[in-house]
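# Summary of the model geometry
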Amino acid sequence: MATDQNMSSWTDLLHSSTKLLEQAAPSAQFPPLQRNLDQLETLSKKLKAKTLRNEAPQQSIAATRLLAREGLNAEQLARDLKSFELKTTFEDVFPAEATSIEDYLQQVHEMAMVSAVQEAQKDNLRSFNDHMLKVLEEDWQMEKRDFLQSLSQISTLPRTNVTYTVSGGSRPGQVASIASSPHVSSGPSSMELVPLDSKPILERKASVYAEVVKNLNNARQRSLPFKPATAFKGAYESLGLHASGGKSVNMQKIWHLLQTLLSEDITIQRSVSKKISLVIGARRHLEWGHEKYIMDTIQSHPAQAALGGVVGNLQRIRAFLRIRLRDYGVLDFDAVDSRRQPPVDTTWQQIYFCMRTGYYDEARSVALSSRASNHFAPLLTEWINTGGMVPAEIATAASEECEKILRIGDRAGRPAYDKKKLLLYALISGSRRQIDRLLRDLPTLFNTIEDFLWFKLSAVRDCPVGATSIVMNESLVPYTLEDLQAYLNKFDPSYYTKNGKDPLVYPYILLLSIQLIPAVVYLSQESGDEGYNIDAAHISIVLADHGVLSEGAGAGQKMGVMDAYAEASSIIRQYGSAYLRVGNLSMALEYYAQAAAAVGGGHLSWSGRGNVDQQRQRNLMLKQLLTELLLRDGGVYLLLGSRGAGEEGELRRFLIDVKARQQFLLEAAHHCQETGLYEKSIEIQKRIGAFSMALDTINKCLSEAICALSRGRSDGESRTAGLIHSGNEILEMDKYSSEVSPQERESVLEQQTVLRQLEAILSVHKLARLGHYVDALREVAKLQFLPLDPRTPDTTTDVFKNLSPHVQVCVPDLLKVALTCLDNMVDSDGSLRALRAKIASFFANNSNRNWPRDLYEKLARSL
């Protein structure tokens, strides 16, 4: 209805305006204009904006009026200010009074210094920001690599599965994955059988290596012989990962190197140091590789080799030389008539390649049978008999022969000397000067790095560090292992690995040069799909078990004996902790045992034959790692078994002595209490028969639970019920135990009294919370350990000194509850007033106690 009225009014207005327009006479001064509604709206907005612009605030109007009174045009002044510009003068920069040359130069110097300082500040700030960004980027990359490495370690471990388990040991071709349940992971025979071929390669590798670790631990505990490098090599070969993919070094080759390096394939009878034994092992590995190379060459060229049916070692070398020297003519061992055509003398070639391939008897036979090498034969015999550690007179004779060969060869008209002859004499001499000169004059003497390393290792002498500085004759300074290591370390790892294309070459070189710890660390940090970190952990186990880590720190490494063992132990422990994270406690235990044995010096630590310091380090780490396992879910079941203090569990394998087990478990229980793991602590104390300690722990927890309950914690009731049940169980165990001493039983009775007192306090709290104030006060009056019964006379004795600290903590809250009950009841017979008086009297007699402030206030209001 209202809408119709508005429309009619608008219509009337339009009609009247139309009439006025028709009646208006046209005027020449004001011509008619035609505008539509949109144009009218636009013009009205412009008019409004112009009006707002002209409306100045009151202050602006007053300012304009003031300027006008002084004869100033405000509009002109505003226009001038828009184009106003400030310019400095000379006086503004340099004071007018400083007009001398000295003052001018002083001003310029100060300005230049200030500008330089400001620019330096900007540069420092920019450099600092760039450095911080670089550090953050490096930290991020390191964290990311460590995270991915940990993920890689976890993914390579046997996966747990609790849905289907079968009792029994693992069968050939299968691997046991132990689940994380206490009834599965901790048991020695509950396993999940998974076909090995169905697993990923890295998981298969971890599984077969884990079986070797178990066997190694069992052998060491029983003092049985075991060759870990050989076992790991066989485990790796069982995976069938023989494809090298165009790489010159694979893991199978490294395991063979470790086998020979540690002399597990043979027994060395010579009395040499541990370091030289490693050098000899590395040399034998290179000789094994060269023998394989010779056989491959002969098989590739059967016609030129002309080996026939003879397969002796010397015949193989000669067949190889027929192929190698085929362009030189007839060789001396093939010549029929030497008078018709002089054959090629291969004496030094035969000796060298016999030695290079490890055919020492054949090399000596050739040297004795040829007139060209008659002088060399006794030197070679001594070198073979001493394993390369020839006496000083032999080394001196060989060094003098090197000098003689070089002098004769330098003379004009003389035939060139045989390079292999000079090489062999330099090898026998072991002289650093002769070796460096040989490599400097003949840089292309060696075709491969294996040949180069074999020569260097053959020339190494056992010389104490620093002893070379006291040698007077420079030609007699021996070539040492440290010299070889320092030379090899001049080159970056990428030089050996061809920028990562052949990643195992660098650790292979490190192992050959007896730089054991750097090789293991490099492998453990190598991230990739090959799982080299798995191999690194088990190589650490092998090296630590043989006790050779102290010899393999590497040149330039500031690392002590214990540091080397600690580094290997850390790698083993980190790998074992990955099993811990996936719940495989049994396997983690095996690796933790090896980590502890590593700091103890290897296999000697299992029988206690290591030195005192290493044995102490092993025991400390073993207890630390066992405690770590014990605190895990299922750890008690694994280490202690279903009952007892470790007689049925894995703990007896590592702590044979009963007293040692008891002491370890007591320390572990104390550690649990310090970390707040009270349930674990109680369980351990029950297992070792420390019932009074377990009851004390329960009383402590019950006291805390009562205090929490009085403050309104909702979970207090369930917790207190569980603690009281545990305490009653311990009291039953104590009652039927025949191994409890009288002193222990007396302590149990004292803790039982405390438990009952706490139960009485708990009952008061429960009744008060339910609103049963009369019953609660009746229970308060019944408390025998507090003088709150109105029917008994007042006493001034300090009852607190006879109370347990766990009970003393609960007394303030108990008094608050009693006062609250009194406030909610009506005193009809004066008994409540008597109870209040009792509480006040008790409070006054024990005023020296540090009572809570709110208890003071509550008591004051109640009286």
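Residues numbered from 1 in each chain as written. Predicted model: local features only at pLDDT ≥ 70, side-chain atom pairs only at ≥ 80, totals over all residues. Heavy atoms only, no water.

### Examining the overall build of the protein chain
The helix and strand inventory of the protein chain stands at 39 helices and three strands. Sorting the 863 residues of the protein chain into buried and exposed places 43% on the buried side. Within the protein chain, counting contacts between residues at least 6 apart in sequence, those at least 24 apart form 62% of the total. For the protein chain, the exposed surface amounts to about 47,600 Å²; the carbon and sulfur share of it is 53%. (Helix = DSSP H or I, 4+ residues; strand = E, 2+ residues; numbered from the N terminus. Buried < 20%, exposed > 50% of the residue type's maximum accessible area, 1.4 Å probe, protein only. Contact = heavy atoms within 4.5 Å. Areas by Shrake-Rupley, 256 points an atom, 1.4 Å probe, with all protein chains shown as cover.)

### Some details on a negative patch on the surface
A cluster of acidic side chains, namely E137, E138, D139, E143 and D146, defines a negative patch on the protein surface. Following the sequence through the fold, E138 ends up in helix α6 (residues 101–155). (Patch = residues over 30% accessible without salt bridge, like charges linked within 9 Å, V, L, I, M, F, W, Y side chains within 5 Å. Salt bridge = Lys/Arg side-chain N within 4 Å of Asp/Glu carboxyl O. Lys, Arg positive; Asp, Glu negative; His and termini not counted. Charge placed at Lys NZ, Arg CZ, Asp CG, Glu CD.)

### Regarding the packing of helix α14 (residues 360–369) against helix α15 (residues 376–385)
With their axes 9 Å apart at the nearest point, α14 and α15 run at an angle of 165° to one another. The angle between α14 and α15 falls in the class roughly antiparallel. Relative to α15, the crossing made by α14 is left-handed. Side by side, α14 and α15 meet where Y360, A363, R364, A367 and L368 of the first sit next to F376, A377, L380, T381, W383, I384 and N385 of the second. Considering only residue class, the contact of α14 with α15 consists of nine nonpolar, two polar and one charged. (Axes fitted to C-alpha atoms, helices over the stretch in contact; angles between N-to-C directions. Parallel < 35°, antiparallel > 145°, perpendicular 65-115°, else oblique. Left-handed = near helix turned anticlockwise from the far one by under 90°. Nonpolar A, V, L, I, M, F, W, Y, C, P; charged D, E, K, R; others polar.)

### Let's talk about the packing of aromatic side chains
According to the stated counting rule, one finds 23 aromatic pairs in the structure shown. Seen in terms of ring centroids, Y506 and Y522 are 4.9 Å apart; in terms of plane orientation they differ by 70°. Their pairing is edge-to-face. Taken together, the positions of Y506 in helix α22 (residues 505–512) and Y522 in helix α23 (residues 516–525) put the pair 16 residues apart, joining distant regions of the chain. Here Y506 matches Y522 in class, with each residue buried. Measuring from centroid to centroid gives 5.0 Å for Y575 and Y591, while their planes differ by 65°, and the two rings are edge-to-face. (Phe/Tyr/Trp six-rings, centres within 6.5 Å; stacked < 30°, edge-to-face > 60°.)

### Concerning the pattern of salt bridges
Applying the stated criterion to the full structure yields 24 salt bridges. Put simply, D334 and R322 hold a salt bridge, and the shortest N to O gap is 2.8 Å. With D334 in the loop between α12 (313–324) and α13 (347–356) and R322 in helix α12, this residue pair connects regions lying 12 residues apart in the sequence. The exposure class of D334 is partly exposed, given its relative accessible area of 32%. Note that R653 and E590 form a salt bridge whose closest N and O atoms lie 3.0 Å from each other. You can see R653 sitting in helix α30 (residues 651–654) and its partner E590 sitting in helix α26 (residues 585–599), a full 63 residues away along the chain. Among the charged side chains, a network of salt bridges with common partners joins E403, R433, R437 and D441.

### Structural notes on the environment of E648
As for its placement among the helices and strands, E648 is situated in the loop between α29 (635–640) and α30. The exposure class assigned to E648 is partly exposed, which follows from its relative accessible area of 40%.

### What about unusual backbone geometry?
Phi at S263 takes a positive value of approximately 60°, unusual for a residue other than glycine. Inspection of the secondary structure puts S263 in the loop between α9 (251–261) and α10 (274–300). Even without being a glycine, I514 presents a positive backbone phi close to 60°. With respect to the helices and strands, the residue I514 is situated in the loop between α22 and α23.

### Digging into the nonpolar core
The tendency in soluble globular proteins is for nonpolar side chains to be buried side by side. Grouped together as the largest cluster of nonpolar side chains are 158 residues, with contacts concentrated most on I351 and M355. Considering each element in turn, this core owes the most residues, 12 residues, to α26. Contacts of I351, omitting those with residues within four sequence positions, involve A363, V366, A367, S373, F376, L380 and L424. Membership of the second largest hydrophobic core comes to 54 residues, among which are I698, L723, A818 and L819. (Core = buried A, V, L, I, M, F, W, Y, C linked by side-chain atoms within 4.5 Å.)

### Examining the packing of helix α36 (residues 773–782) against helix α37 (residues 805–823)
For the pair α36 and α37, the least separation of the axes is 9 Å and the interaxial angle reads 135°. Taken together, the axis directions place α36 and α37 in an arrangement best described as oblique. At the point where α36 passes α37, the crossing takes the left-handed sense. Contacts between α36 and α37 involve Y773, A776, L777 and V780 from the former and L814, A818, C821 and L822 from the latter.

### Overview of a nonpolar patch on the surface
On the surface, I101, Y104, L105 and V108 cluster together to form a nonpolar patch covering roughly 380 Å² of accessible area. By secondary structure assignment, the location of L105 is in helix α6. Residue L105 is classed as exposed on the basis of its relative accessible area, which comes to 51%.

### Some remarks on α22
An α-helical turn contains 3.6 residues, so any two residues separated by three or four positions project in the same direction. Most of α22 is tucked away, with eight of its eight residues classed as buried. Listed in full, the buried residues belonging to α22 are V505, Y506, P507, Y508, I509, L510, L511 and L512. If you follow the buried residues of α22, they end up packed against α9, α10, α19 (449–459), α20 (481–488), α21 (493–497) and α23. At the exit of α22 stands I514, carrying a positive phi of roughly 60°.

### Points about helix α17 (residues 419–429)
Summarising burial for α17: nine of the 11 residues are buried, a large majority. Among the residues of α17, those classed as buried are K420, L422, L423, L424, Y425, A426, L427, I428 and S429. Of the residues one or two after α17, G430 is the one with positive phi, at around 60°.

### Brief notes about the environment of D462
Assignment of secondary structure puts D462 in the loop between α19 and α20. Judged by relative accessible area, which is 41%, D462 ranks as partly exposed. When the C-alpha positions of D462 and S273 are compared, they lie 7.9 Å apart, and in sequence the two are 189 residues distant. Excluding residues within four positions of it along the chain, D462 makes contact with S273, I276 and M389. There is a polar contact of 2.9 Å between the side chain of D462 and the side chain of S273. (Polar contact = N/O pair within 3.5 Å; in protein donor to acceptor, adjacent residues only side chain to side chain.)

### Focus: the side chain of R461
If you trace the backbone, R461 turns up in the loop between α19 and α20. No salt bridge is formed by the buried R461; the nearest opposite charge belongs to D462, separated by 10 Å. Within the local environment of R461, its side chain forms a polar contact with the backbone oxygen of L427, the two atoms lying 3.0 Å apart. Within the local environment of R461, its side chain forms a polar contact with the backbone oxygen of I428, the two atoms lying 2.7 Å apart. Sequence-distant contacts of R461, that is, excluding residues within four places in its chain, are made with I276, W383, G388, M389, V390, L427, I428, S429, G430, P478, Y479 and T480.

### Here we look at the side chain of S207
Checked against the element boundaries, S207 lands in helix α7 (residues 201–221). Looking at S207, its side chain comes within polar contact range of the main-chain oxygen of E203, at 2.8 Å.

These values are about where atoms sit, not about what they do.
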